[in-house]
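# Chains, contacts and geometry: an overview
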Amino acid sequence: MKPTTNRRVLIVDDNHAIHDDFRKILCAGKNNSGAMDQAAAALFDEPQNATTSHDFKIDSAMQGREGLERVRQALQEGEPYAMAFIDVRMPPGWDGVETIARIWEVYPDLQVVMCTAYSDYSWDEMIAKIGQSDRLVILKKPFDNVEVLQLANALIAKWHLLQQTRSHVSELEARVRERTKEIETAHAKLQTEIDERNKMEIQLRHAQKMESIGQLAAGIAHEINTPTQYIGDNTRFVQDAFGDITRLVTEYDKLFSAAEKGAVTPELIGAVKSAAAAADMAYLSVEIPKAIQQSLDGVSRVTHIVRAMKEFSHPGTTEKTAVDLAKAIQSTVTVASNEWKYVADVVTEFDPALPPVSCLPGEFNQVVLNLIVNASHAIADVVGDGGNGKGTIIVSTRHDGDWAEVRIRDTGTGIPEHARAKVFDPFFTTKGVGKGTGQGLAIAHNVVVEKHGGTIAFETETGKGTTFIIRLPLKAASTERKAA
Ligand SMILES: Nc1ncnc2c1ncn2[C@@H]1O[C@H](COP(=O)(O)OP(=O)(O)OP(=O)(O)O)[C@@H](O)[C@H]1O
Ligand SMILES: [Mg+2]
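Residues numbered from 1 in each chain as written. Chains lettered and ligands numbered in written order. Predicted model: local features only at pLDDT ≥ 70, side-chain atom pairs only at ≥ 80, totals over all residues.

## Remarks on the site of ligand 1
The criterion, for reference: Using a C-beta atom placed from the backbone, a residue is scored as near a molecule or strand whenever that atom is within 6 Å of it. By the criteria applied, helices consist of DSSP H or I runs no shorter than four residues and strands consist of E runs no shorter than two, each listed in order from the N terminus. Each residue is assigned to one of three groups, with Ala, Val, Leu, Ile, Met, Phe, Trp, Tyr, Cys and Pro labelled nonpolar, Asp, Glu, Lys and Arg labelled charged, and all others, Gly among them, labelled polar.
In the neighbourhood of ligand 1, 22 residues make up the surrounding shell, with Ala378, Thr429, Gly436, Gly440 and Leu441 lying closest. Every element with two or more residues in the shell around ligand 1 is listed here: α11 (361-383) and α12 (440-451). With four residues, the single largest contributor to the shell around ligand 1 is α11. Broken down by class, the residue content of the shell around ligand 1 amounts to eight nonpolar, twelve polar and two charged.

Next comes the structure, spelled out in structure tokens:
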């Protein structure tokens, strides 16, 4: 049913004569629309014909219950009434107010004119019974024909507007639903992409860690190889010396036994002399303690490196712990020594007043390592292989209020102007294939800013060098201090 064509009117009244009157008035409009339209035009300020009062489809009910049935049936047929004239007094059945209340339960859109000759109900009583409504108009008997006709036209027009609004609203709702669905789909897609990115980032970090561990392993192998070699050489030397000493002691034993028996012979004395000459005790008594001391030094060097490696890697530490930054930096410097020692000296300046910092030790070490490796590369670009003097890397810590500050300063090339805005971007590198992948600073930024709520920045001067400044919050520690 097209809503604009619906002009169904229901009349509910127990008086046959009233039904006839309504039909006359409404149908009179059909035959005599000119006069009515003029009246309507005057009333509503509308052009004539806009309120053409013909073509009402009128149905009658003699009682409220019958009226309700008709409303129900019309709804089932898909042709609801647009408006109804309902009498107030309709003995013996429901009165008008009750009829309206019941009809609205079934079809709340129905526009109603309540027709009354008496003041059976006050307006307030009516509202109390059926609720406040803009679908209800009261018409006092006796009727004015023009009023009836115009009420019918106006309320039918109102019913149409209501239907139009409904369909607009449901159209809008459908559009909103569609948009919401699109947004949800886009959101889900975005979430998937974010998850993908996070996964990729973890993989990248893992790859970078593996790469730097591989790189470090070569350096560490070299670091450990040197002391192990001289520990080996010294031990072999002590082993040989021990053979010589044993031979000499054996000759001394023989001489001693002969002396006890008073049977010392010149041969025995000669054998002792030549064994003593072979062993060279004067030399051995200086060299053996030296060899042992060197070996002990070598062992402690290896122990130092192994301990640094252990401290550097922090396997399995995925929670923040209170970290002594100086110790952590020292072990990272040791582990990375093969990266810097040919091109630079590393100087550390640790603030003894810096309290432990709550952080992820493995990740913090990775950041320091990345910065030291970068510094070494930048210095290597200045000093070449270090044959004509090395550069310097100064690693310092400082307690600054609620912050722990770490500075890594180098005497390298400085960051070129065009690269400064991009150094923290993932995969930005100015290094050749095999030397850099552009992940070091992106990871450092992620670790410092996202994971520790800190900041990372740099100061740089072309030709002079660069300082990276990491600041980590000490908040938790300072609250503890305050509480104490
Ligand atoms: N201390 C520094 N001095 C000069 N330039 C630097 C310094 N640190 C970083 N850079 C510049 O920033 C770029 C990005 O550094 P980043 O550590 O992210 O990547 P990379 O060192 O090139 O590669 P990767 O660290 O993945 O091996 C470097 O290629 C370099 O141009
Ligand atoms: Mg790097």
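Following the structure, the description resumes.
## A word on the packing of helix α3 (residues 64-76) against helix α4 (residues 96-106)
Definition in use: Fitting a line to C-alpha atoms yields each axis, with helices limited to the stretch in contact; the angle taken between N-to-C directions then spans 0 to 180 degrees. Note that the term roughly parallel is reserved for angles under 35 degrees, roughly antiparallel for angles over 145, roughly perpendicular for angles of 65 to 115, and oblique for everything else. Handedness of each helix crossing follows the sense of rotation of the near helix against the far helix: counterclockwise by less than a right angle gives left-handed, clockwise gives right-handed. Contact between two residues is assigned when their C-beta atoms, built from the backbone, lie within 7 Å.
Taken N-terminus to C-terminus, the directions of α3 and α4 make an angle of 20°; their axes are 9 Å apart at the nearest point. In terms of orientation, α3 and α4 fall into the roughly parallel class. When you trace α3 past α4, the crossing you get is right-handed. Here Gly64, Gly67, Leu68, Val71, Arg72 and Leu75 of α3 lie close against α4, whose contacting residues are Glu98, Thr99, Arg102, Ile103 and Val106. Split by residue class, the contact of α3 with α4 holds five nonpolar, three polar and three charged.

## Considerations on α11
Counted only if it meets this: Expected span of a helix: the number of residues minus one, times 1.5 Å. Working definition of burial: number of other C-beta atoms within 10 Å of the residue's own, with buried at 20 or more, exposed at 12 or fewer, and partly exposed in between, all C-beta atoms being placed from the backbone.
With 23 residues, α11 should cover 33 Å at 1.5 Å per step; its first-to-last C-alpha distance of 32 Å lies within 8% of that length. When you tally the buried positions in α11, you get 18 out of 23 residues, the bulk of the element. Where α11 terminates, the next one or two residues include Gly384, which has phi positive at roughly 65°.

## Observations regarding the sheet that holds strand β7 (residues 344-349)
Stated precisely, the cut-off is as follows: Criterion used throughout: strands pair if DSSP finds at least two bridges between them.
Spatial ordering of the open sheet is given by β7-β9-β10-β12-β11, a layout of five strands whose pairing is mixed. Each edge of the sheet is formed by a strand with only one pairing partner; in this case those strands are β7 and β11 (455-461). Looking at each pair of strands side by side, their axes are set apart by 15° on average, direction ignored. Two elements, β11 and strand β12 (residues 465-473), share seven bridges in a ladder whose sense is antiparallel. In the sheet register, Thr460 faces β12, and the bridge partner there is Thr466. Sheet strands touched by α12: β11 and β12. Its angle to β11, the strand with the most contacts, is close to 135°.

## Quick look at the pairing of strand β4 (residues 111-116)
Cut-off, in case you're wondering: Looking down the strands as they point away from the viewer, one classifies a crossover as right-handed if the path from the first strand across the helix to the second runs clockwise.
With five of six residues buried, β4 lies mostly within the body of the structure. Crossover handedness for the path strand β3 (residues 83-87) to α4 to β4: right-handed. Pairing between β4 and strand β5 (residues 136-140): five bridges, direction parallel. Paired with Val112 across the strands is Leu136, a residue of β5.

## As for the sheet that holds strand β1 (residues 8-12)
Neighbouring strands of a sheet are bound in pairs by backbone hydrogen bonds; such pairs are parallel or else antiparallel. With parallel pairing, five strands are arranged side by side in an open sheet as β2-β1-β3-β4-β5. A single partner strand is all that each edge strand has here, and the edge strands are β2 (57-61) and β5. Strand after strand, the sheet turns through a mean of 20° between neighbouring axes, direction not considered. Judged from the five bridges that link them, β1 and β2 form a sheet pairing that is parallel. Across the sheet, Val9 pairs through a bridge with Ile58, a residue of β2. Lying on the sheet, α3 is in contact with β1, β2 and β3; it crosses β1 at an angle near 160°. This element, α4, spans β1, β3 and β4 of the sheet and lies at about 150° to β3.

## Digging into the environment of Ile305
Among the structural elements, Ile305 can be located in helix α8 (residues 281-313). Here Ile305 falls in the partly exposed class, since 18 other C-beta atoms lie within 10 Å of it. Sequence spacing of Ile305 and Ala61 is 244 residues, and the spatial spacing of their C-alpha atoms is 104 Å. Apart from residues lying up to four places away in sequence, Ile305 is in contact with Ile220, Glu223, Ile224 and Thr334.

## Digging into the nonpolar core
Note the threshold: Here, a nonpolar core means buried Ala, Val, Leu, Ile, Met, Phe, Trp, Tyr and Cys residues linked by C-beta atoms lying within 7 Å of one another.
Membership of the largest hydrophobic core comes to 45 residues, with the highest contact counts inside it found for Val367, Leu371, Ile372, Ile393, Ile408 and Ala444. Considering each element in turn, this core owes the most residues, ten residues, to α11. Beyond its immediate chain neighbours, meaning those up to four positions away, Val367 contacts Ala444, Val447, Val448 and Ile470. Of all hydrophobic cores here, the second largest spans 35 residues; its members include Val112, Val113, Met126 and Val148.

## Some details on α12
With twelve residues, α12 should cover 16 Å at 1.5 Å per step; its first-to-last C-alpha distance of 16 Å lies within 8% of that length. Of the positions making up α12, those classed as buried are Gly440, Leu441, Ala442, Ile443, Ala444, Asn446, Val447 and Val448. Of the residues one or two after α12, Gly453 is the one with positive phi, at around 60°.

Scope: geometric values only; no functional claims are made or implied.
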